[in-house]
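Given next are the chains, with one letter for each unit.
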Amino acid sequence: MARGVLIRRARLGLRAAAVAVVAGLAAGCATVPNAMVTRREQPGIAWTSCEGLDQRFECAKVPVPLDWSEPNGQRIELAVIRHLASRPQERIGSMFINPGGPGQSGVELVRGGGDDFDAWGGGRFDVVSWDPRGTDGSSPVRCFTSDADEARFWQGVAIPSTAAESTAYQAKVTELARRCGEVSGKLLSHISTADTARDLDRLRELSGDKLITYVGLSYGSMIGQTYLNLFPGRTRAMMLDGIVDAVDYTTSAETRTANNVSSADAVFAQFVKLCQEAASGRCALAGHGVPVAERVETLFAMARRAPIPAPHADPPGTLSYSDLQLSTFNPLRTPLTWPQFAKDLDAAAAGDASALLTTARQLKGPVGFAAATTSAAISCVDGPARAPVSRWPAEMARFTEAGRLWGTVLGWWLWAPCAANWPAYDADRYAGPWNAPTETPVLLIGARYDAGTPYRNAQVAEKRLANAELLTLDGYGHPSYQVPSECIDQARERYLVDLVTPPKGTVCRPDQQPFG
C-alpha cells in the first residue's frame, strides 16, 4: 500500500503503487442493468483540453471546501481528468478510479493509462480520476519553502540501519513534522481519507451520475470502503484490487504499519522458490553450486556487515543494508521484473551492487522522501500513532517481527512521522463501521502473493463488508493487474458493465509466470 516509484507495466500501460496481483468466465455485454446516460456538459465542471494530450482527454479544476463541516468556508481546488468513453453511443456513465498511495496522482494515472482503463469498462465509461487533496495538483502538502531548502534537509539522509543512525533519524523526523506544520498549517488536518471520500461524492454529483461506479487500487480500496459507509445507497458498482484492511489502517499507525510490512517476506520467499525451480538459464541467481536461498542470505549478511561496492552506479557509491531493503520494494510488487531483479541480486552477490543502488536511489533523496511524507501526512490523520517516536527500538522490533524485509523501511518512512508529534488531527476522520449494505456486491480482487497488501486483507474485507465477493488471482503482484490474466480481465469487465460478479470462490490463474 505504501507509496513507491511508479512502474509502468508494458501490457496495460498502467501505473502501480508511492507505493500497493480457476474458472472460465465469459465477458458480458449488451444488457446494462441501469439506464444509459447520454453525453452532456456536466454541471459545475468546466472541462478543457489537457496539455500534451489529444481530444479523448479533458482536464479541469474543481473547487471543494477545505473543511467539509464548513461548506461555505475556505476552498481548495482538485485537479481532475477524464478519458472520454471510446463507445459514446453505449456510454453507461463515469467510472472513477484512484491509484492508491496514499498520495499517488490520479491525473497521471489516467494520462498514462487512460486507454487501458477505458478497456476495463468495455469503452462504455468516461474514466475519471483526480489528485486527492494534499497531493500533486490539489493543494499538495509542503514541508519546505523551497526546493533548495528541501534538498539541504535530506542531503545524505538514508533509512537507518544502526542504532546511531536511528537516533539521528529520530531527530530528523521530529524536525520534519515541525516544518510540515509550519508550512502547510491547517491543511494537514483536512486531508483524511474521509475528506477525500467527500470530495469523490462531490465529483460524482457534478459529473451527473446518480450512483457511482468506482475502481480503487491499493490504498484506493480504502477510499472505496470509506465512501461505501459514508454514503450508503450511492454506489452502482465498486471494484477494489489490492485491499487495505480498514480496521488495521485506522486503528493506529502501529497496526497499519505492521499490516503493511507483513506480506513482503512471503513474496520474497516465492521469488526465491520460483528462481530455484526455473529452467536452466532463466534465473541468474541459480546454478552457482549453492541453493538460491543460501546465495541470497549470504548477500544480505554481506550488506549487514559492510556496504557493498557499486562502482558503475551514477555516481559510484556503496549499497548499505537499508539500500538493499529499498531495492526490493518495487520488484516484489511487479513479478514480471523478477528475472532482471535476480540478475541485479546476483551481481551484488558477486561484489557489484551498482544496479541495486541505482534502484534504491529512485526511492531516496528529496523526491522519495517527499512522496513518503505525503503518504504519512494522510495516514497520520486517518490513524494516529499511539507510541512516541522515542519508543523506536520497541516499535522497529515489532515491525521487523511482522516483516523482516520492509519492517524498518516502512517503520521509519510511515510510522515515525506520525509518532513525532505530527501537527494535525482530523475530528471528521472515519474509523467504522464498515458494513453498510450495497445492492450490488462489491468485487474484491486479491493476489495470493501480494507484497503491498496481504491476501488475508481481501479475505477479511469479504467478511466485513455487508455484500462483497472475492475474486482470487492464484499468483503474484500488487495490484493483481501486474501479471496478465484473461480470466481476471473478463470478470472485471463483466462486473463493471453488467454488474455480474464471478461465482463465489472463483480463482483465476495468471497467463504468464515470472520466470516462464
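Above this text sits the structure in question.
On a predicted model such as this, the values are computed, not experimentally measured, just so you know. (Residues numbered from 1 in each chain as written. Predicted model: local features only at pLDDT ≥ 70, side-chain atom pairs only at ≥ 80, totals over all residues. Heavy atoms only, no water.)

A. Quick look at helix α4 (residues 193-206). With 14 residues, α4 extends 20 Å between its outermost C-alpha atoms, agreeing within 8% with the 20 Å of an ideal straight helix rising 1.5 Å per residue. Of all 14 residues that make up α4, twelve are buried, and the element is covered over most of its length. G208, located one to two residues past α4, shows a positive phi value of around 85°. (Helix = DSSP H or I, 4+ residues; strand = E, 2+ residues; numbered from the N terminus. Expected span 1.5 Å × (residues − 1). Buried < 20%, exposed > 50% of the residue type's maximum accessible area, 1.4 Å probe, protein only.)

B. Just the state of the cysteines, in detail. The tally for this structure, following the rule as stated, stands at five disulfides. For C50, the disulfide goes to C59, at an S-S distance of 2.0 Å. Residues C50 and C59 are joined by a disulfide whose S-S torsion is about 110°; by sign, that bridge is right-handed. Since its relative accessible area comes to 15%, C59 is described here as buried. C143 shares a disulfide with C180; S-S distance 2.0 Å. The sign of the S-S torsion, about 95°, decides the handedness of the disulfide formed by C143 and C180: right-handed. Of this pair, C143 sits in the loop between β7 (125-130) and α2 (147-154) while C180 sits in helix α3 (residues 163-184), and the two are 37 residues apart along the sequence. (Disulfide = S-S within 2.5 Å.)

C. Molecular detail of unusual backbone geometry. Residue P102 is bonded to the preceding G101 through a cis peptide linkage, with omega at 0°. Within the fold, P102 resides in the loop between β6 (93-98) and α1 (106-120). Here the residue pair G432 and P433 is connected by a cis peptide bond, since its omega of 5° sits within 30 degrees of zero. Tracing the sequence through the fold places P433 in the loop between α15 (407-419) and β12 (442-449). The backbone of S218 shows a phi angle near 55°, a positive value even though the residue is not glycine. Looking at the secondary structure, you find S218 in the loop between β8 (212-217) and α5 (220-230). Note on S218: relative accessible area 0%, which makes it buried.

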